[in-house]
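Descriptive structure summary
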Amino acid sequence: MGRETSTGRAGTWFSRPRPSPVAVAMVATVIGLLAPAQASATITSVLAGQTVSGNPIPCTTQSDGVRVCGGMDGGGGAGDLRLKSFDGTPLALYVVLPPAPATGTDGNYPLMIQSHGWASPSAGPSDTQYAGPTGDDWAKQGYAVLELDARGFGDSCGTGQSRLADPAGCLDGYIHLDDERYEVRDIQYATGLFVDEGIVDPTRIGATGESYGAGATLELATLKDRIMNANGTLSPWTSPKGVPLSIRAAVPLAPWSDLVNSLVPNGRTLDYQVTSPTADLSPIGVEKQSFVPGLYAIGNENGYYAPPGVDPSADLTTWIAALNAGEPYDGNSEVESIVTQIARYHSAYYLLDGAYGTAKEPPPPMLLLNGFTDDLFPVDEAVRYYNLERSLYPSDPIALADFDGGHMRGQNKPADATYLKSLGAAFLNYYVRGSGPQPRLGATALTQTCPSSAPSGGPYWAPTWAALHPGEVDYSSKPAQAILSTAGNPTVSATFDPIISDGLANVEGHAACLTAPATPEGTGVATYRLAAATGSGYTLLGAPTVIADLTVTGDYAYIAARLLDIDPATNKETLVARG
């Protein structure tokens, strides 16, 4: 958790909805084949011959000089200007280019890949990301910016009209849920095309994204200089013309590292040790019912799922039905197969770990941003990845920045957004383009404070995650208490439900600061109440851990725990953390 508490009170963004003379001659020829093209004349269009219609995508110069090239379906005499991806799937995109230079080469720009959130297709030059400037602002700094509509969303086969425009191309254009073999491969393929056109410098490629786009960004960065083939094997990432490519740095905001544990957590991730695949994936956890069905519904309304039974590796409709049927999941071959699919092809953690036989490789420099009050992709998702990478590659540049924000309950205070944007931009500028001072690594935290008008606590910094919270607040109790599955106060549960409380927050303030009566919830709920903090109080940074001796009756039992901050003056409680 990351929360300030004192003697009295303790102190969203959510994703809307790139020798011999003969021997010497031969070497020169090989180098020539591998070198990217050099754009020279002023760039007025891109991707000639690579769109569905074959026509180039025209670039329009804005009033500030930035050029915007948009490839969408249809469009009068221009035809279908969507990119044909590696498997022929048509993908809508924006490319934002710097102002045309008065002299010299137009091209060889550093690339910033911006990936959008769930059901929120790209917005072109105005696309705003928490972890850095808009596409327009990146371009003003000299970057080319690539924004793809992920397959299955927007004009990337996400609408009925876009599928009718190219029925054959959209046969595999459904949502694959940030599959490394599809959505991530799409990004890699598009990047390679811009390298071959001489627009992008292959040695300066950065990536950022939020939520769904952050998941893709973390996967893309973990692959780094590799692609994942359809069978799960890895190959070197090269452009279509053979130029080697690699991600130089990445800043994902609110990513998952293990999508299984994000959606069906089993409570076994610990922030002070490396999490093994056997711990995270077995037993299979409990579905986050406030999130999973809702995310499915939003995707179904705003995107395109594979028809049931067509593709077992992306059959989200069948998957959601299996999860919603309820626990126990262990021993259910259908659910176990889903878990394996999601871990192997949709989760950067197991790619980093090499759990499915892929070779391990150190990732590029990364700054991971997650929210303490994010119940969907919480700080656990960053810390899990951070701990593993530091154990494998201790000298690798990796940093954490955690705050009161992210999905739903997160307050996402404007001052925090400004601070995180500055961190993200500085990190990417240094590691991608080599400009600016070297960023400080380690772990940074902005803590949850209430009311929402109060500034967040911090920033607090330490050289490592562990050093950020060197002490503990401990409490122990020996008398036995009973926990019953039928117990609990529905009103309290609704207050701290991230979906329901987000609606309440429209009336009562931000959801992270909503309060419920601190009266014990009665028989069947084990309550442990610590003494009130004294003096100036203390700041909590880290993960709460429950250690207990249990006598269990019934089958498939689990414990749902909440850490609450109580205001002695009002006897009202605010949620700090759950697990």
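Each remark here, short or long, concerns the structure printed above.
Okay, so let's go over this structure. (Residues numbered from 1 in each chain as written. Predicted model: local features only at pLDDT ≥ 70, side-chain atom pairs only at ≥ 80, totals over all residues. Heavy atoms only, no water.)

Moving on: unusual backbone geometry. At the junction of Glu327 and Pro328, the peptide bond is cis and its omega measures out at 5° in the coordinates. Positionally, Pro328 belongs in the loop between helix H10 (316-324) and helix H11 (333-346). In this chain, Cys450 is followed by Pro451 through a cis amide linkage whose omega measures 5°. As for its placement among the helices and strands, Pro451 is situated in the loop between strand S16 (442-447) and strand S17 (457-462). (Helix = DSSP H or I, 4+ residues; strand = E, 2+ residues; numbered from the N terminus.)

The strand order across the open sheet built from 3 strands is S18-S21-S20, with neighbouring strands paired in antiparallel fashion. Sheet topology places strand S18 (515-517) and strand S20 (562-567) at the edges, where each strand pairs with a single neighbour. Each strand axis lies, on average, 45° off the axis of its neighbour in the sheet, ignoring direction. As defined by bridge partners, S18 adjoins strand S21 (residues 572-578) across 3 bridges and the pair is classed as antiparallel. Note that in S21 the partner of Thr515 across the bridge is Thr574. (Pairing = 2+ DSSP bridges. Axes fitted to C-alpha atoms, helices over the stretch in contact; angles between N-to-C directions.)

What follows covers the packing of aromatic side chains. Scanning the model with the defined rule gives 12 aromatic pairs in all. With 4.9 Å between their ring centres and 75° between their planes, Trp138 and Tyr143 make a pair best called edge-to-face. Across the pair, exposure class does not vary: Trp138 and Tyr143 are buried alike. Residues Tyr349 and Tyr350 carry aromatic rings whose centres are separated by 5.4 Å and whose planes lie at 90° to one another, so their mutual orientation is edge-to-face. The residues Tyr349 and Tyr350 share a single accessibility class, namely buried. In this structure, Arg181 is placed above the aromatic ring of Tyr345, and the distance from its NZ or CZ to the ring centre is 3.5 Å. Taking NZ or CZ as reference, Arg384 lies 6.0 Å from the ring centre of Tyr349, over its face. (Phe/Tyr/Trp six-rings, centres within 6.5 Å; stacked < 30°, edge-to-face > 60°. Buried < 20%, exposed > 50% of the residue type's maximum accessible area, 1.4 Å probe, protein only. Lys NZ or Arg CZ within 6 Å of the ring centre and 35° of its normal.)

To continue, consider the sheet that holds strand S13 (residues 249-253). Strand order in the open sheet formed by 12 strands is S2-S3-S4-S7-S9-S8-S10-S13-S14-S15-S16-S17, with mixed pairing between adjacent strands. The strands lining the two open edges of the sheet, one partner per strand, are strand S2 (45-46) and S17. Inspection of the sheet shows strand S15 (residues 398-403) paired to S16 by 4 bridges, in the parallel sense. Each bridged residue has a counterpart across the sheet, and for Asp402 the counterpart in S16 is Ala445. In this fold helix H5 (residues 183-196) packs onto S2, strand S7 (93-97), strand S8 (109-115), strand S9 (144-148) and strand S10 (200-210), with an angle of close to 145° to the strand it touches most, S9. Here helix H6 (residues 212-223) sits on the sheet in contact with S8, S10, S13 and strand S14 (366-371), set at roughly 140° to S10. (Contact = heavy atoms within 4.5 Å.)

Ranked by size, the top nonpolar core spans 97 residues in total, and within it Val46 and Trp118 carry the most contacts. Core analysis: the next-biggest nonpolar cluster, separate from the first, contains 27 residues, Val251, Leu428, Tyr431 and Leu446 among them. (Core = buried A, V, L, I, M, F, W, Y, C linked by side-chain atoms within 4.5 Å.)

What makes a disulfide is a covalent bond joining the sulfur atoms belonging to two cysteines. Within the structure shown, the criterion is met by 3 disulfides. A sulfur-sulfur distance of 2.1 Å marks the disulfide that ties Cys59 to Cys69. The sign of the S-S torsion, about 100°, decides the handedness of the disulfide formed by Cys59 and Cys69: right-handed. Here Cys59, found in strand S3 (residues 57-61), pairs with Cys69, found in strand S4 (residues 67-71); they are 10 residues apart in sequence, far enough to count as distant. Take Cys59 and Cys69: they sit in the same class, and that class is buried. (Disulfide = S-S within 2.5 Å.)

This paragraph deals with the side chain of Asp155. Structurally, the position occupied by Asp155 is in helix H3 (residues 154-158). For the buried residue Asp155, which engages in no salt bridge, the nearest side chain bearing the opposite charge is Arg82, 6.0 Å off. Excluding residues that lie within four positions of it along the chain, Asp155 makes contacts with Met72, Asp73, Arg82, Pro90, Ala92, Asp149 and Ser162. (Lys, Arg positive; Asp, Glu negative; His and termini not counted. Salt bridge = Lys/Arg side-chain N within 4 Å of Asp/Glu carboxyl O.)

Attention shifts here to the pairing of S13. Counting buried residues in S13 gives 5 out of 5 residues, a clear majority hidden from the surface. In S13, alternate side chains face the same way, and those of Ala249, Val251 and Leu253 on one face and Ala250 and Pro252 on the other are all buried. Where S10 lies against S13, 5 bridges are found, and the strand directions are parallel. Within S13, the residue paired with Gly206 across the bridge is Ala249. In this sheet, S14 lies alongside S13 in parallel orientation, the contact comprising 2 bridges. Residue pairing in the sheet places Leu253 in a bridge with Leu369 of S14.

Turning our eyes to something else, we now look at the packing of helix H9 (residues 292-302) against H10. The axes of two packed helices give the description: the angle between them and the distance between them. At their nearest, the axes of H9 and H10 sit 11 Å apart, and the two run at 160° to each other. One finds that H9 runs roughly antiparallel with respect to H10. When you trace H9 past H10, the crossing you get is left-handed. Judged by residue contacts, Val292, Pro293 and Tyr296 of H9 engage Leu316, Thr317, Ile320, Leu323 and Asn324 from H10. By residue class, the composition of the contact of H9 with H10 is 6 nonpolar, 2 polar and no charged. (Parallel < 35°, antiparallel > 145°, perpendicular 65-115°, else oblique. Left-handed = near helix turned anticlockwise from the far one by under 90°. Nonpolar A, V, L, I, M, F, W, Y, C, P; charged D, E, K, R; others polar.)

Attention now goes to the packing of H10 against H11. Close contact between H10 and H11 brings their axes to 10 Å; oriented N to C, the two are set at 125°. Looking at the two axes, H10 sits oblique to H11. For the crossing formed where H10 meets H11, the hand is left-handed. In this structure, H10 contributes Thr318, Trp319, Ala322 and Leu323 to the contact, and H11 contributes Glu334, Val335, Ile338, Gln341, Ile342 and His346. Class assignment for the residues of the contact of H10 with H11 results in 6 nonpolar, 3 polar and 1 charged.

Attention shifts here to the environment of Ala150. Within the secondary structure layout, Ala150 lies in the loop between S9 and H3. Apart from the residues within four sequence positions on either side, Ala150 is in contact with His116, Ser156, Glu183 and Tyr212.

Read these as layout, nothing more, since geometry by itself doesn't imply function.
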